[in-house]
Amino acid sequence: MKLDYLDELEAEAIYILREVAGQFEKPALLFSGGKDSITLVRLAEKAFRPGKFPFPLVHIDTGHNFTETIEYRDKMIKRIGEKLIIGHVQDSIDEGKVVEQKGKNASRNALQTITLLDTIAKYGFDACIGGARRDEEKARAKERIFSVRDEFGQWDPKRQRPELWNIFNGKIHKGENVRVFPISNWTELDVWNYIRREKIELPSIYFAHEREVITRNGQLMAASPFLNMDDEDIVEKRNVRFRTVGDMTCTAAVESYACQIDDIIDEISESKISERGARMDDKVSEAAMEDRKKGGYF
């Protein structure tokens, strides 16, 4: 039987997940509560059921997450019965390892890096699986599927290993770890088509709903106590949804009436803006994502 393109993408991702399980001693799956990491969980179920996952799920919690995302995470963990490890950015702040940003555009998103590196060191993870895709952003397009980080958690795009065919080299020195991207070759539309085919439940914020928002830097931001708001910020109700999920202080919404997956797929197909166009943290500079990745960000 001839496989369709989703079958081929799924088979590649499952192969990569099984390679991680075979090559590394202490892998982990980084879970954000976003659609891509949710898709990874479904792929892991297909790769390893009826057994348990050969890795825990790890969530780096900024403390400024969408309530819907945290509720979804906890409900999902209860359903799948897998181990969840949570690293708290607030702990890094309390320990003096990072300093809370100030100013109108302050966000905890960049502070996640230290918490992530500390969590990796604490549990001795030698591979971290994530849902990054090459079509999201130009820095992520440079990544290999097996992307080595040095003993400081840093990434050097000029010192990446060649990946020929489906041969992945997981050999690392002590202290190093590998970031692994099983859906690197997927697009945003591929993910949504897979979600539709697999009937995967998602957090409600991915679908159109009425929400109080403010307009900041040309973007619709969810009005929340985590935003540093002033008299210039006018709160209004709009019909919106979120294409990507991150810290509430850096994740913008898009105006939308797409309440069903078919409507979302149609909307994305016609959009001229990438999903990362709704992430304020990518707009700090031309090389914002690459700079964060070099420092250890996922």
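From a predicted model like this one, the values you see are computed outputs, not experimental measurements.

*Asks:* Would you explain the pairing of strand β7 (residues 209-216) in this entry?
*Replies:* In the case of a regular strand, side chains alternate between the two sheet surfaces. Across 5 bridges, β7 lies against strand β9 (residues 236-241) in antiparallel orientation. Within β9, the position partnered with Glu210 by the bridge is Asn239. Here β7 pairs with strand β8 (residues 219-222) via 4 bridges, running antiparallel. Its bridge partner being in β8, Val213 is matched across the sheet by Ala222. The loop that links β7 with its antiparallel partner β8 comprises 2 residues; one of these, Asn217, has a positive phi angle of about 55 degrees.

*Asks:* Got a minute to help me understand the environment of Asn177 in this structure?
*Replies:* By the element assignment, Asn177 lies in strand β6 (residues 177-180). With relative accessibility at 4%, the residue Asn177 sits in the buried group. For the pair Asn177 and Arg149, spaced 28 residues apart in sequence, the C-alpha to C-alpha distance is 5.4 Å. Apart from residues lying up to four places away in sequence, Asn177 is in contact with Ile120, Phe125, Asp126, Ala127, Ser147, Val148, Arg149 and Ile172. Within the structure, Asn177 has its side chain in polar contact with the side chain of Arg179 (distance 3.3 Å).

*Asks:* Help me understand the sheet that holds β6 in this model?
*Replies:* Two orientations exist for strands paired in a sheet by backbone hydrogen bonds: parallel and antiparallel. In space, the 6 strands of this open sheet follow the order β3-β2-β1-β4-β6-β5, with mixed pairing throughout. If you trace the sheet from one side to the other, it starts and ends with β3 (84-88) and β5 (146-149), each paired once. Strand after strand, the sheet turns through a mean of 30 degrees between neighbouring axes, direction not considered. Relative to the sheet, helix α1 (residues 5-23) contacts β1 (27-30), β4 (127-129), β5 and β6, its axis offset from that of β5 by approximately 40 degrees. Of the strands in this sheet, β2 (57-61) and β3 are in contact with helix α3 (residues 67-80), which crosses β2 at around 165 degrees.

*Asks:* Quick question: what am I supposed to make of the nonpolar core here?
*Replies:* One broad trend across soluble globular proteins is that nonpolar side chains are buried collectively. Of all hydrophobic cores here, the largest spans 56 residues; its most connected members are Leu43, Leu57, Phe146 and Trp192. If you list the elements that add at least two residues to this core, you get α1, α2 (35-48), α3, β4, β6, α7 (188-198), β8 and α8 (261-270). When residues of this core are assigned to domains, at least three fall in each of domain 1 (5-190 + 287-294) and domain 2 (203-280). Among the nonpolar cores identified, the runner-up in size contains 13 residues, and Ala28, Ile60, Leu111 and Cys128 belong to it.

*Asks:* Teacher, can you tell me more about the side chain of Asp61 here?
*Replies:* Considering the arrangement of structural elements, one finds Asp61 in strand β2. Within polar-contact distance, the side chain of Asp61 engages the backbone nitrogen of Gly63 at 2.7 Å. Residues in contact with Asp61, not counting those within four places in the same chain, are Ile70, Arg73, Ile86, Gly87, His88 and Val89.

*Asks:* Can you walk me through unusual backbone geometry in this structure?
*Replies:* When glycine is set aside, most residues are seen to have a negative phi, and most peptide bonds are trans. The residue after Arg49, namely Pro50, is reached through a cis peptide bond having omega 15 degrees. Take Pro50: it is sitting in the loop between α2 and β2. Of note, Lys199 is a non-glycine position whose phi angle comes to about 55 degrees, a positive value. Counting through the fold element by element, Lys199 comes out in the loop between α7 and β7. The phi torsion at Asn217 lies on the positive side, around 55 degrees, for a residue other than glycine. Residue position: Asn217 is located in the loop between β7 and β8.

Conventions we followed
- Residues numbered from 1 in each chain as written.
- Predicted model: local features only at pLDDT ≥ 70, side-chain atom pairs only at ≥ 80, totals over all residues.
- Heavy atoms only, no water.
- Pairing = 2+ DSSP bridges.
- Helix = DSSP H or I, 4+ residues; strand = E, 2+ residues; numbered from the N terminus.
- Buried < 20%, exposed > 50% of the residue type's maximum accessible area, 1.4 Å probe, protein only.
- Contact = heavy atoms within 4.5 Å.
- Polar contact = N/O pair within 3.5 Å; in protein donor to acceptor, adjacent residues only side chain to side chain.
- Axes fitted to C-alpha atoms, helices over the stretch in contact; angles between N-to-C directions.
- Core = buried A, V, L, I, M, F, W, Y, C linked by side-chain atoms within 4.5 Å.
- Domains from an automatic or database assignment.

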